[in-house]
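One-letter residues, chain by chain:
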Amino acid sequence: MEYVLIGTAGHVDHGKSTLIKALSGIDPDRLKEEKEREMTIDIGFANFLLPSKRLAQIIDVPGHERFIKNMLAGVNTIDLVLFVVDANEGVKPQTREHFDILKLLAVRSGIIVITKIDIASTERLEETVRGISELVKGSFLEKAPVLRVSSVTGEGLNELVAVIDRLAPGIPQRSRDLPARIPIDRIFTMSGSGTVITGTLVSGVLEVDDTLEILPQKIPARVRQIQSYGGKIDRITAGQRAGINLAGVKKEDLMRGNTLAAPGYISPTSIFDASIEILPDCQRPVKNFTRVRLHIGTGEFLGRIVLLDKDKLEAGQGGLIQFKSETPLSVVKDDRFVMRLYAPMITIGGGHIIDAHPARHKRFQAEVVDQLEALEISDEGDSVEQVLINSGLNAVSPKDIPSKVNLPESEVERIIKELSVSGRIIIGVARSTRIMHADNFRLLKDRITQAMNDFYLKNQSVVNIPLREIKAVLFRSGAGDDFIDAALKQLSEDGAVQVSGESVRLNSYSLKLTDKQAQLKERMERVFLDNLFGPPGLDGLERALNIKPRAIEEMINILKEMGVIVALPEGIVIHQEAINRATKSLKEYLSRNASIKAGEFTKLVNTSRKYAIPLLEYLDSIKVTKREGDVRVLSERGV
């Protein structure tokens, strides 16, 4: 069975509930107080079959200004509105406020229903028509059907049903591919069954025995029974209203405004970024940090508006905001909302969510504004790419993307594949499945070289930078080890840097020695070369060079940084040329012999055991050789 979800809107006592009863045979005023006062106070429900056998599900809302909160809880999920105006009274204050709310919620389909025509004069009826035409000019209702009905005599009702039936197939269907989500509008208990909630399944598919969660409390719940259109069913799909009997949940733990959703689909949040439009007739400017009532889904939430791109918002203006809620919210991207002042309770505007889980922003940040504007206008494919762009150096896990863009996982997977093939994203580097946009990966490489240059400015006698120093800088920008290592690898392959163990150096950087340092370097290097496999210690260098130990230690560090000398175990330093020659001699020896003992190596390079053992251990560490028991063999890398 196909469904259409219809909502009423209009001023108090303009005949909304009477019209619904005339169409469906069901009185939507279910409360005792509503019967006594002959006025709708809370949302009511009814349904009837259209001639096409499509089920018309109706949400009736109160028209009195004191119950706008309840009206908003009803119209937030509708597909088509019956915009009701009394033929005798014409357009009244709540007619206008309800119309503003419908526009803010981006309702796209509607029928204008002029009621009580049986007691209105022709002149008054035409005056009402003119007033409605003026009100809806330029809006989604400008070209809507206008029907004149009497719920008492039945005049026009058949035509109204026919028009609903004609419009219903053209209303866009809600996504069945997204996870299940129901904003809860009623909670009650049934004898023998327990807790029951009602609401509209705004996305997904729901079946008996499904396990869901109540948000924002994250209370697990199992679907025990589903009831819709007067009977028990096993399954409902997006766009369908139903009563859901829940196991494992107490009525007192729930309230209108909670959400029943697939586990993990929605992460509760206390802030979101949004685009907002202020109503053209708003009587006062909206200032930064104004306390407001947020109406979203079926709930009302208190919080404050942070204006991101303007000092204040005047009537008719739009802007970007960050909403800071006083209680947790269960929302997703593109959810629409209405905002009313905390006091007096007047509607000031509304909009839609751009980012449901943003960082906290400072005001007037051009980069933040640009990112939100790009995310707001992006289509489905672009929105995934924009999320990755906005993530900067902080790579994103694929499983976190669907909730950020509110798209089905299958659709996100398709988009990611296309972005990967086109080279616009980097995915799955360094044993990770996280994703980074290619532009941000290039930025990461630039940040690495910048961090290295900054380090050199502060440490002018250093060439080899500890990797931990560079990573510490990048961690503060949100980059992770996996992508830092991948960027370093690519920089190394490009010849820009050289990574050695736990240090890295820029190939374009070289130490600038003073004339005195250059002379000492040459003298010290000559001492090491003259004693290639019997290098002098600090005392030997002091005697050979006749200078103070501090100057010798400083030059040793410089030569290490320059790669001229190498530190071996046991505190021994040796010239790089000794490493080169020992490596060559070993490879030649092991090309003729299966292995070499320490004593044989000592004779091979004409040194003593004091230097031979540390030298072999160093060659093991750089993968020239590999120790097997008492002998060395060529390592796989050394072959």
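Going by the structure above, here's the rest.
Rules and cut-offs
- Residues numbered from 1 in each chain as written.
- Predicted model: local features only at pLDDT ≥ 70, side-chain atom pairs only at ≥ 80, totals over all residues.
- Heavy atoms only, no water.
- Helix = DSSP H or I, 4+ residues; strand = E, 2+ residues; numbered from the N terminus.
- Expected span 1.5 Å × (residues − 1).
- Buried < 20%, exposed > 50% of the residue type's maximum accessible area, 1.4 Å probe, protein only.
- Contact = heavy atoms within 4.5 Å.
- Pairing = 2+ DSSP bridges.
- 1 Å grid on protein atoms, 1.4 Å probe; cavity = no way out; pocket = protein on both sides within 12 Å on 5 of 7 lines; lining within 4 Å.
- Points joined across faces, edges and corners; volume = space filled by probe spheres on them.
- Nonpolar A, V, L, I, M, F, W, Y, C, P; charged D, E, K, R; others polar.
- Patch = residues over 30% accessible without salt bridge, like charges linked within 9 Å, V, L, I, M, F, W, Y side chains within 5 Å.
- Areas by Shrake-Rupley, 256 points an atom, 1.4 Å probe, with all protein chains shown as cover.
- Salt bridge = Lys/Arg side-chain N within 4 Å of Asp/Glu carboxyl O.
- Axes fitted to C-alpha atoms, helices over the stretch in contact; angles between N-to-C directions.
- Parallel < 35°, antiparallel > 145°, perpendicular 65-115°, else oblique.
- Left-handed = near helix turned anticlockwise from the far one by under 90°.
- Core = buried A, V, L, I, M, F, W, Y, C linked by side-chain atoms within 4.5 Å.

Draft legend 1. The arrangement of helix H13 (residues 481-493) in detail. With 13 residues, H13 extends 18 Å between its outermost C-alpha atoms, agreeing within 8% with the 18 Å of an ideal straight helix rising 1.5 Å per residue. Among all positions of H13, only Asp482, Phe483, Ile484, Ala486, Ala487, Leu488 and Leu491 are buried. For H13, the elements touching its buried residues are strand E24 (425-427), strand E25 (435-437), helix H11 (438-458), helix H12 (467-475), strand E27 (497-500) and strand E28 (503-506). Positive phi appears at Gly495, one or two residues downstream of H13, with a value of about 80°.

Draft legend 2. Looking closely at the environment of Tyr611. Mapped onto the secondary structure, Tyr611 falls in helix H19 (residues 609-621). With 372 residues separating them in the primary sequence, Tyr611 and Gly239 have C-alpha atoms 81 Å apart. Setting aside residues no more than four positions away along its own chain, Tyr611 makes contact with Phe533, Gly534, Pro535 and Ile572.

Draft legend 3. Quick peek at the sheet that holds E28. Ordered in space as E26-E28-E27, the 3 strands form an open sheet in which the pairing is antiparallel. Here the strands that pair on one side only, and so sit at the sheet edges, are strand E26 (465-466) and E27. Alignment of E26 against E28, held across 2 bridges, turns out to be antiparallel. Each bridged residue has a counterpart across the sheet, and for Pro466 the counterpart in E28 is Ser503.

Draft legend 4. Seen up close, the side chain of Ser378. Positionally, Ser378 belongs in the loop between helix H7 (366-377) and helix H8 (380-390). Residue Ser378 is classed as buried on the basis of its relative accessible area of 16%.

Draft legend 5. View of empty space enclosed by the protein. Inspection of every chain in the model, using the stated rule, returns 1 cavity of 30 Å³ or more. Roughly 100 Å³ of internal volume is contained in the largest cavity. Lining the largest cavity are 14 residues, with Tyr3, Asp79, Gln173, Ala238 and Gly239 positioned closest to its centre. Of the residues contributing to the lining of the largest cavity, the split by class is 6 nonpolar, 3 polar and 5 charged.

Draft legend 6. Seen up close, a nonpolar patch on the surface. Side chains of Met1, Leu49 and Tyr229 sit close together on the surface and give an oily, nonpolar patch of about 290 Å² of accessible area. By secondary structure assignment, the location of Met1 is in the segment before strand E1 (3-9).

Draft legend 7. Highlighting the packing of helix H15 (residues 538-545) against helix H16 (residues 549-561). Closest axis-to-axis distance for the H15/H16 pair is 10 Å, and the angle between their directions is 110°. Relative to H16, the element H15 lies roughly perpendicular. Considering how the two elements wind past one another, H15 and H16 form a crossing that is right-handed. Of H16, the residues touching H15 (which contributes Leu538, Leu541 and Glu542) are Pro549, Ile552, Glu553 and Ile556. For the contact of H15 with H16, the class distribution of residues is 5 nonpolar, no polar and 2 charged.

Draft legend 8. A look at the nonpolar core. If you look at the biggest cluster of nonpolar residues, it comprises 43 residues, and the most contacted ones within it are Leu444, Ile448, Met452, Ile470, Val504, Met524 and Leu541. For this core, the elements supplying multiple residues, two or more each, are H11, H12, H13, E28, helix H14 (515-530), H15 and H16. Here the element with the most residues in this core is H11; it accounts for 7 residues. Membership of the second largest hydrophobic core comes to 33 residues, among which are Ala9, Val81, Leu105 and Leu125.

Draft legend 9. Inspection of the pairing of strand E22 (residues 336-341) at higher detail. Counted residue by residue, E22 has 5 buried out of 6 residues, so it is predominantly covered. Bridge count between strand E18 (residues 291-296) and E22: 5 bridges; the pairing is antiparallel. Bridged to Val292 within E22 is Leu341. With 5 bridges joining them, E22 and strand E23 (residues 347-355) adopt antiparallel strand pairing. Bridge pairing in E23 links Val338 to Gly350. As consecutive antiparallel partners, E22 and E23 are separated by 5 residues.

Draft legend 10. Region of interest: the sheet that holds strand E32 (residues 625-628). Judged by pairing direction, the sheet is antiparallel, and its 3 strands sit side by side in the order E31-E33-E32 without closing on themselves. With partners counted over all chains shown, the strands left at the sheet margins are strand E31 (596-597) and E32, one partner each. Across the face of the sheet, helix H17 (residues 576-592) comes into contact with E31, E32 and strand E33 (631-634) while running at roughly 90° to E33. Against the sheet, H19 engages E32 and E33, with an angle of about 110° to E32.

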